[in-house]
Each structure stands twice: as C-alpha cells, then as structure tokens.
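A look at the structure
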Amino acid sequence: MKNIRAMAGGIAAAAIMSMAGFGYAAAQPGDFSTLPVDPNLITDSLAYNAAPAVYNPNGQAGIETVYTHRDGSRTITTTVLVLPDAQAATAALDGARAGLVANGTSQPAAVGSGGTMLTGMSPDGSKSVTVLSFAEGNTATTIEFAGAPKDPAPSDLVLELGRKQDTAIRDWQAS
Amino acid sequence: MRKFGMALVIVATMSGSVVTAQTAYAAQSSHDTNVYTQPAVSVAPKVDMLDCRGTTGDMGCGPGWFWRDGWRGWACYPC
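So, how was this worked out
- Residues numbered from 1 in each chain as written.
- Chains lettered and ligands numbered in written order.
- Predicted model: local features only at pLDDT ≥ 70, side-chain atom pairs only at ≥ 80, totals over all residues.
- Helix = DSSP H or I, 4+ residues; strand = E, 2+ residues; numbered from the N terminus.
- Buried ≥ 20, exposed ≤ 12 C-beta atoms within 10 Å, placed from the backbone.
- Contact = placed C-beta atoms within 7 Å.
- Pairing = 2+ DSSP bridges.
- Expected span 1.5 Å × (residues − 1).
- Arc of directions from axis to C-beta.
- Nonpolar A, V, L, I, M, F, W, Y, C, P; charged D, E, K, R; others polar.
- Core = buried A, V, L, I, M, F, W, Y, C linked by C-beta atoms within 7 Å.
- pLDDT = per-residue confidence, 0-100.

Moving on, we come to the overall build of chain B. What chain B contains, in helices and strands, is one helix and two strands. Each helix and strand of chain B, ordered N terminal to C terminal, gives the series α-β-β. Looking at chain B as a whole, 4% of its 79 residues qualify as buried. For chain B, restricting intrachain contacts to residue pairs at least 6 apart in sequence, the fraction spanning at least 24 positions comes to 6%.

Below, the structure written as structure tokens:
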C-alpha cells in the first residue's frame, strides 16, 4: 500500500513537472527568439552566418537578425516588429521600408498581408538592395537583401524566404 | 575541168564551215556574260548550348548554368 501511494505521488509529480515544462517551452509574450527564419533553410545549409539577435530594435517590440554570406558579399536582415494590432502593423510597413532603397521599383508580393517587394540600390549606390515587407496579424516584417551592385537577390529566393518567414510568424502567433 | 570545179566547191564549203565555226566559238568564249554563283545551301539556325565558361556545365549544371557560391550558396545559377 505504501508503495502504491509512493508510485501515485511520483506519477502526479511527474505530470505536474511535464505540464510546467511544456508551458515554459511554448512561446511567451515577448519571446521572439523563434521568429526569424534562418536563410540556410533554403540554401546549401552553410551559406549564412547569423549575428546575435537584436531584441526590441529601436525600442520597438520585436527582433532583428542579420545573416551574412560566408564570402561577406551578401547580407539578409530580417526584422519582425510586434505591434498592438493589425492596423498598427500595416501602418508600420511604410516606415520600415523608408530609407532602405533609392530609386527603387515596387511590386506586389504574394506574402502575408500587403506584401511588397522593393528593388533598387542602396542610398549610397554601393549595393543592390531588395526589401520584402509584409504584415501578418499584429506583426510587421521586413527582409532586406543587400549584395553587390550587379548581384541583386533573385526574386524567387526573396519570395521563398518571405513565405517561410510568414509561416513561422503564424505558427508563433498560434502557439 | 568539171571534176576540178566540183572538188573546189567541196573544199571551199568545208573550209568555210570550219572557219565560221571557230569564229563563233571564239566569240562566245571571250564575251561570256553568264554569272556563276555559289548554290545556296539552306542552313537551320545553329545554337551552341554552352555555359558561361564555354563548356557544357560544371557540377552537372548543364548548358546555360554556372556553378558558383551565390545567394543560395553553392549551386547552379543562370549565366
């Protein structure tokens, strides 16, 4: 009888610890670490090195991560901002794109809500720049691809990474 | 006398024909106005399927593709 009680107590304790553990593992408000999608998912798996993530860039809730190509000639900067609501997220997109591309051409992109792909040169003309921006719920995302002037990011790569990022955001929101 | 006349006529006729024929031939060969041209040979458009390096592609990329370390890392990229 004593053994049975001890066994039941152990099982209950294990169940409580497991539930607490699962709760801790789930995304918490303000836990943005799982948001950025590593571009190596769609490359040869070793092409990019991630810099330490910047949490709440410019004082805005969210996360920013810079991925640099191993040859140093290309960077992918993913910024996901978390805003109070969807309207604020959509409104934030214009501000997020501002100043990144000079004399760029804009076209709709089938990613998230209000997806836009802006292609051109950096303001100083030293780099090609493509910026994909979109909203998803209360998040505003920009993914900036910067490379050599004659080596712009292929649009299929831009869209593929953008869609994976959109999926990751929706998964994060649902968790 | 009659035989001699006949022979003279025959010789004159034959020699006249030969002289005339040579003259005509000479005239034709020295004033040839024909224009000879090379016969046209119909050739279909030719496409050399070569990659950026002038070969048929490294790493199995195939024609028109180039193996390099690009946006997707090491992969085949269009020329």
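After presenting the structure, the write-up continues.
Along chain A, the regular secondary structure elements total three helices and eight strands. Mapped from its N terminus to its C terminus, chain A presents α and β elements in the order α-β-β-β-β-α-β-β-β-β-α. The buried share of chain A, reckoned over its 175 residues, is 30%.

Let's shift gears to the pairing of strand β6 (residues 113-121) of chain A. Residues and elements named next belong to chain A. Both strand β5 (residues 102-108) and β6 contribute to a ladder of five bridges, which runs antiparallel. Within β6, the residue paired with S106 across the bridge is L118. Linking β5 back to β6 in an antiparallel pair, the connection comprises four residues, with G112 at a positive phi of about 55°. In this sheet, strand β7 (residues 128-136) lies alongside β6 in antiparallel orientation, the contact comprising seven bridges. What sits directly across from L118, in β7, is V131. Taking the residues between adjacent antiparallel strands as the criterion, β6 and β7 are bridged by six residues, where G125 takes a positive phi near 75°.

The next subject is helix α3 (residues 155-174) of chain A. Residues and elements named next belong to chain A. For α3, built from 20 residues, the straight-helix expectation of 28 Å at 1.5 Å per residue is met to within 8% by its first-to-last C-alpha distance of 28 Å. By the burial criterion, the buried members of α3 are V158, L161, G162, Q165, D166, A168 and I169. Down the axis of α3, the buried side of the element spans an arc of 165°, and every buried residue falls inside it. Those residues of α3 that are exposed and aimed more than 90 degrees away from the buried face are D156, D171 and A174.

Taken together, the six residues of chain B in the interface contact 10 residues of chain A. Here the side of chain B that touches chain A is composed, by residue class, of three nonpolar, one polar and two charged.

Below, the discussion takes up the environment of E160(A). Here E160(A) is to be found in helix α3. With 16 C-beta atoms counted inside 10 Å, the residue E160(A) sits in the partly exposed group.

All names here are of chain A. L35, V80, L132, A140, F145 and V158 are the most contacted members of the largest nonpolar core, which totals 32 residues. Those elements that provide at least two residues to this core are β3 (62-69), β4 (75-82), α2 (86-97), β7, β8 (139-147) and α3. The leading source of residues in this core is β7, at five residues.

Here we come to unusual backbone geometry. Residue and element names in this part refer to chain A. A positive phi angle, near 50°, is found at N56, a position not held by glycine. Structurally, the position occupied by N56 is in the loop between β2 (54-55) and β3. You can call N56 partly exposed: it has 14 C-beta atoms within 10 Å. Phi is positive for N103, which is not a glycine, with a value near 50°. For N103, the location among the structural elements is in strand β5.

Time to look at the confidence of the model for chain B. The predicted coordinates should not be examined in detail at positions where pLDDT is low. Residue and element names in this part refer to chain B. Residue-level pLDDT values for chain B average 65, and 32% of them are 70 or greater. Of all helices and strands in chain B, the one with the weakest mean pLDDT is helix α1 (residues 2-30) (51), whereas strand β2 (residues 73-78) scores best (88). Here residues 18-28 is modelled with pLDDT under 50, and outside its nearest four sequence neighbours on either side it reaches zero contacts, counting other chains as well. Two summary scores accompany this predicted model of the complex, namely pTM at 0.68 and ipTM at 0.78.

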